[in-house]
Amino acid sequence: MTATAPFLPWNRPSIGREEEAEVVDTLRSGWLTAGPKASRFEAAVKDPLGVEEAFAVSSCTAALHLALLAAGIEVGDEVITPSLTFCAAPNAVARCGGTPVFTEVDPVTFNLDPEAAEHAITARTKAIVVMHYGGQPCDLLAFRKLADDHGLILIEDAAHALHAWRDGLRAGSAGDLAVFSFYANKVITCGEGGMIVGRADLVQAARLLGRHGIDSSVWQRHGKRRTADYEVTVAGLKYTMPDITAAVGIQQFHKLPEFTARRARIAASYDRSLAGLPGLRLPTVLDGVRHGWFLYPVLIEPVGGRTRDTVADMLLNDHGIGTSVHFQPVHRLAAYRYLDCHLPVTEQIAARQLSLPCYPAMTSADVQRVIDALHAVWA
Ligand SMILES: Cc1ncc(COP(=O)(O)O)c(C=O)c1O
């Protein structure tokens, strides 16, 4: 790294004047909380997916909690989930009183393996939460059939996969419910935010639970004579998305095709320029997949004294380039060690995996800088 090269972060959002203007419009509108802009954002995400309903919420974690509550997960229920994921889904299962059943992933895509999931089904299994690792959808057709054959609820954790496809199905359209994240590092962002989409009955249950269990929204009551004229029909929580947040989401969503195309071009540059570095395994995209490229995940075989951690350290210390790891296997985290779970494929991937910078705010020079740095590390 030259003395003047600025730090290149692993991720940085792309926010423009359109988002700024939409937020200012909201601030001036007199309506800041969940209202017309949250509804517009819901429609924008829902319509291309072809799902029945959508509910914009404060985070994907909130969406997962609501999805599992709406699915009726309670004490004694088992929910099949990968361990090679973020802790949000397993935590939400545990908060509902259920038990996450950590299940092995496919060594090529790092997605939940349908066969392993089938073997994990017991009389107590109530749901499967799949996750589309890095933006490559899991085998949606296989999981839909598995859920139907066994009478299970299928929930897609599509936090990484807005605008991704597999076998003609959009990620987020095959589950009984699916959730998206608009966290600061995601393919589109509101800073914090999420959405739950899917079957009308389940999303309506989630919506009720996510607004205190109140039978009408504050926007629906706005301007009515008695705004406090409502009923609480279930003991709910508050997970709604404010319009200030939705304003950012609406404008980000317009840019999603352009963002995805840029991510794909960066991935293609890495594919071309990093192929052949010994011990470096580049991502495999299956036929029939349109990848969302939230992550560009590589595996680094521990050979010749080079490991994932030494490579990450050299990229950072010698070249000023940030990377990330997806993920620490959840079954090895303190809250879940009591399950005494062993997942050799997951553990092997987790020890070798590194996520390279891959986001639309990167310039071509940034991409080349990452490529040159990796060649230097391997030299
Ligand atoms: C797979 C997955 N699910 C859920 C989440 C949680 O998203 P949020 O931060 O919007 O709650 C994340 C966050 O990184 C994630 O990677």
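What counts as what
Residues numbered from 1 in each chain as written. Predicted model: local features only at pLDDT ≥ 70, side-chain atom pairs only at ≥ 80, totals over all residues. Heavy atoms only, no water. Pairing = 2+ DSSP bridges. Helix = DSSP H or I, 4+ residues; strand = E, 2+ residues; numbered from the N terminus. Contact = heavy atoms within 4.5 Å. Axes fitted to C-alpha atoms, helices over the stretch in contact; angles between N-to-C directions. Domains from an automatic or database assignment. Buried area = accessible area lost by both parts, 1.4 Å probe. Salt bridge = Lys/Arg side-chain N within 4 Å of Asp/Glu carboxyl O. Polar contact = N/O pair within 3.5 Å; in protein donor to acceptor, adjacent residues only side chain to side chain. Phe/Tyr/Trp six-rings, centres within 6.5 Å; stacked < 30°, edge-to-face > 60°. Buried < 20%, exposed > 50% of the residue type's maximum accessible area, 1.4 Å probe, protein only.

**Q** Quick one: what's the story with the sheet that holds strand S10 (residues 280-281), residue by residue and with numbers?
**A** Taking strand neighbours across the sheet as the criterion, the three strands line up as S10-S12-S13 in an open arrangement whose pairing is antiparallel. Each edge of the open sheet carries a strand with a single partner, namely S10 and strand S13 (353-356). Across the sheet, helix H10 (residues 308-319) lies against strand S12 (296-300) and S13, angled at about 25° from S13, the strand it touches most.

**Q** I'd like a description of the domain arrangement of the protein chain, backed by residues and values.
**A** One can read the domain layout of the protein chain as domain 1 (17-254) and domain 2 (257-378). Summarising the inter-unit geometry, the C-alpha centres of domain 1 and domain 2 are found 26 Å apart. Taken together, the contact between domain 1 and domain 2 spans 38 residues of the former and 35 residues of the latter. Around 3100 Å² of area is buried between domain 1 and domain 2 when both sides are counted, 62% of it from carbon and sulfur atoms. Three residues stand out in domain 1 for area buried against domain 2, namely Phe-102, Glu-104 and His-163, and they jointly supply 19% of the buried area on that side. The tally of links between domain 1 and domain 2 comes to zero salt bridges. The tally of links from domain 1 across to domain 2 stands at 17 residue pairs in polar contact (both at pLDDT 80 or more). Breaking the side of domain 1 that touches domain 2 down by element, the ones donating at least two residues are helix H4 (88-95), strand S3 (99-103), strand S6 (165-166) and helix H9 (243-274). No other element matches the four residues that S3 contributes to the side of domain 1 that touches domain 2.

**Q** Residue-level account of the packing of aromatic side chains, with values.
**A** For the structure on display, the rule yields eight aromatic pairs. Arranged with centres 6.2 Å apart and planes meeting at 80°, the rings of Trp-10 and Phe-294 form a pair that is edge-to-face. Here Trp-10 is found in the segment before helix H1 (17-29), whereas its partner Phe-294 is found in the loop between strand S11 (289-290) and S12, with 284 residues between them in sequence. Both residues of the pair, Trp-10 and Phe-294, count as buried. On the basis of an interplanar angle of 85° and a centroid distance of 5.5 Å, the ring pair of Phe-102 and Tyr-336 is categorised as edge-to-face. Separated by 234 residues along the polypeptide, Phe-102 in strand S3 and Tyr-336 in the loop between H10 and helix H11 (344-352) bring together distant segments of the chain. Each member of the pair, Phe-102 as well as Tyr-336, is classed as buried.

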